[in-house]
Amino acid sequence: AQSVTQLDSHVSVSEGTPVLLRCNYSSSYSPSLFWYVQHPNKGLQLLLKYTSAATLVKGINGFEAEFKKSETSFHLTKPSAHMSDAAEYFCVVRTYSSASKIIFGSGTRLSIRP
Amino acid sequence: DVKVTQSSRYLVKRTGEKVFLECVQDMDHENMFWYRQDPGLGLRLIYFSYDVKMKEKGDIPEGYSVSREKKERFSLILESASTNQTSMYLCASSPRGRGSDSPLHFGNGTRLTVT
């Protein structure tokens, strides 16, 4: 069975400080993992993806994530937050079990303090 | 870049009306999806299509139907709109592959209000 857990529903950081959004997954198969961002009243935009190549994945807008199989984690980080990073972030897992079985985390709302 | 276009950003419909939500993608993707997104419930799959005229029910298909007559277009139909179908509807597409490593590409969403 597959599942994904985003450990924080809301994270608040000051502008210019590091961002950490946590995601743990469970999968019976080798997973593909994704992070998406959603700004208010918009669709989801792909930030980055892990597909069994390098464990440290770089994405757009300065975000990166590290796949840790031993910890079943795929946390999203950014060294320095910008006001424009305020949004909802979703961790997503997809495996070879089914083309339509895509599991979305419940989301983490990131707020940036000036 | 993949573009997924949803025809309406905002829609207001009356209870009992038949509602069509249209989605078009320009990357020749085989797979297309309709989700609804509600606060506290996350994204829930309504229907999935893996080819023209082929469809699978998702987690919450009741009250909805879909149409895929052309590869690029995937329509969601609310046969008789009800207030509990007020939601944000998101269309997505991806290339073929059983659980492939391809990401979903999303449209900007349609916020539907049923009064």
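Report follows, based on the coordinates.

What counts, and at which threshold
- Along each chain, residues carry numbers from 1 onward, in the same order as the chain's sequence is written.
- Labels are handed out in written order, letters beginning with A for the chains and numbers beginning with 1 for the ligands.
- Residue-level local features of this predicted model are given only where pLDDT is at least 70; pairs of side-chain atoms are given and counted only at 80 or more, and the full residue set underlies all totals for whole chains, interfaces and linings.
- Side-chain numbers here rest on the full set of heavy atoms in the structure, without hydrogens or water.
- The numbering of helices and of strands both runs from the N terminus, where a helix is a DSSP run of H or I of at least 4 residues and a strand a run of E of at least 2.
- In this treatment the radius of gyration is a C-alpha quantity, and the globule benchmark scales as 2.2 Å times the residue count to the 0.38 power.
- Residue contacts are counted whenever heavy atoms from the two residues lie within 4.5 Å of one another.
- Here, Shrake-Rupley sampling with a 1.4 Å probe gives the accessible areas, and only protein chains in the shown set may cover a residue.
- Accessible area, probed at 1.4 Å, shrinks when two parts are joined; the buried area is that loss added up over both.
- Salt bridge criterion: a side-chain nitrogen from Lys or Arg within 4 Å of a carboxyl oxygen from Asp or Glu.
- As a working rule, the residues Ala, Val, Leu, Ile, Met, Phe, Trp, Tyr, Cys and Pro are called nonpolar, Asp, Glu, Lys and Arg charged, and the rest polar, with Gly in that last group.
- Strands qualify as paired when DSSP identifies two bridges or more between them.
- Helix axes use the C-alpha atoms of the stretch in contact, all axes being lines fitted to C-alpha atoms, and the angles between their N-to-C directions lie in the range 0 to 180 degrees.
- Joining through side-chain atoms within 4.5 Å is the link that ties buried Ala, Val, Leu, Ile, Met, Phe, Trp, Tyr and Cys residues into a set, and such a set is a nonpolar core.
- Exposure classes here rest on a 1.4 Å probe applied to the protein chains alone. A residue is buried below 20% of its type maximum, exposed above 50%, and partly exposed in between.
- Whenever two N or O atoms come within 3.5 Å, that pair is a polar contact, provided that in protein one can donate a hydrogen and the other can accept it, and provided that, for residues adjacent in sequence, both atoms are side-chain atoms.
- Pairing of aromatic side chains here covers Phe, Tyr and the six-membered ring of Trp, requires ring centres within 6.5 Å, and sorts the geometry by plane angle: under 30 degrees stacked, over 60 edge-to-face, intermediate tilted.

### Some thoughts on the overall build of chain A
Scanning chain A from N- to C-terminus turns up 0 helices and 12 strands. The linear arrangement of helices and strands in chain A, starting from the amino end, is β-β-β-β-β-β-β-β-β-β-β-β. The C-alpha radius of gyration computed for chain A amounts to 14 Å, which stays within 12% of the reference 13 Å derived for 114 residues, consistent with globular compactness. The long-range share in chain A, meaning contacts at least 24 apart out of those at least 6 apart in sequence, stands at 57%. Of the roughly 5300 Å² of accessible surface on chain A, a fraction of 51% belongs to carbon and sulfur atoms.

### Some words on the interface of chain A and chain B
Every contact between the two is made by 21 residues of chain A and, on the other side, 25 residues of chain B. Contact between chain A and chain B buries roughly 1900 Å² in total, counting both sides, with carbon and sulfur atoms accounting for 52%. Area buried by chain A at its contact with chain B is led by Asn-41, Arg-94 and Phe-104 of chain A, which between them contribute 28% of it. At the junction of chain A with chain B, the criterion picks out 0 salt bridges. Counting residues per element, the ones that place at least two in the side of chain A that touches chain B are strand E5 (32-38), strand E6 (44-50), strand E10 (87-94) and strand E11 (102-104) of chain A. Of all the elements, E5 of chain A adds the most residues to the side of chain A that touches chain B, at 4 residues. Of the residues contributing to the side of chain A that touches chain B, the split by class is 9 nonpolar, 9 polar and 3 charged.

### Remarks on the sheet that holds strand E3 (residues 19-25) of chain B
Residues and elements named next belong to chain B. Within the open sheet, the 4 strands sit side by side as E1-E3-E8-E7. Their pairing is antiparallel. Among the strands making up the open sheet, the edge pair consists of strand E1 (4-6) and strand E7 (64-70). Ignoring strand direction, the axes of neighbouring strands in this sheet form an average angle of 20°. Relative to E3, E1 runs antiparallel, the two being bridged by 3 bridges. When the bridges of E3 are listed, Gln-6 appears paired with Cys-23.

### Things to note about the nonpolar core
Core analysis: the biggest nonpolar cluster contains 27 residues, and Trp-35, Leu-48, Leu-76 and Tyr-89 of chain A have the highest contact counts within it. Ranked by the residues each element gives to this core, the list is headed by E10 of chain A, at 4 residues. In contact with Leu-76 of chain A, not counting residues within four places along its chain, are Val-19, Leu-20, Leu-21, Trp-35, Leu-47, Leu-48, Phe-63, Glu-64, Ala-65 and Tyr-89 of chain A. Core analysis: the second largest hydrophobic core is formed by 20 residues, Val-19, Ile-46, Val-66 and Val-114 of chain B among them.

### Examining the pattern of salt bridges
All names here are of chain B. The tally for this structure, following the rule as stated, stands at 11 salt bridges over all chains. Of the charged contacts, one joins Asp-38 and Arg-36 as a salt bridge, the two residues approaching to 2.8 Å between their closest N and O atoms. Here Asp-38 falls in the buried class, since its relative accessible area comes to 11%. Bridged by salt links that share partners, the residues Asp-28, Glu-30 and Lys-71 form one connected network.

### Quick word on the side chain of Gln-25 of chain B
All names here are of chain B. Inspection of the secondary structure puts Gln-25 in strand E3. In terms of polar contacts, Gln-25 uses its side chain to reach the backbone amide nitrogen of Asp-28, at 3.2 Å. A polar atom in the side chain of Gln-25 sits 3.3 Å from the backbone oxygen of Lys-71. When near neighbours in sequence (up to four residues on either side) are disregarded, Gln-25 contacts Lys-3, Val-4, Met-32, Arg-68, Lys-71, Glu-72 and Ser-93.

### Considering the packing of aromatic side chains
Aromatic ring pairs are described here by two measures, namely the spacing of the ring centres and the angle between the planes. Under the definition given, this model contains 13 aromatic pairs over all chains. Note on Phe-33 of chain B and Tyr-35 of chain B: the rings are 6.1 Å apart at their centroids and 15° apart in plane angle, and the pair reads as stacked. The same class applies to Phe-33 of chain B as to Tyr-35 of chain B, namely buried. Ring pairs connect the aromatic residues Phe-34, Tyr-36 and Phe-104 of chain A together with Phe-33, Tyr-35, Phe-48, Tyr-50 and Phe-106 of chain B, which therefore count as one cluster.

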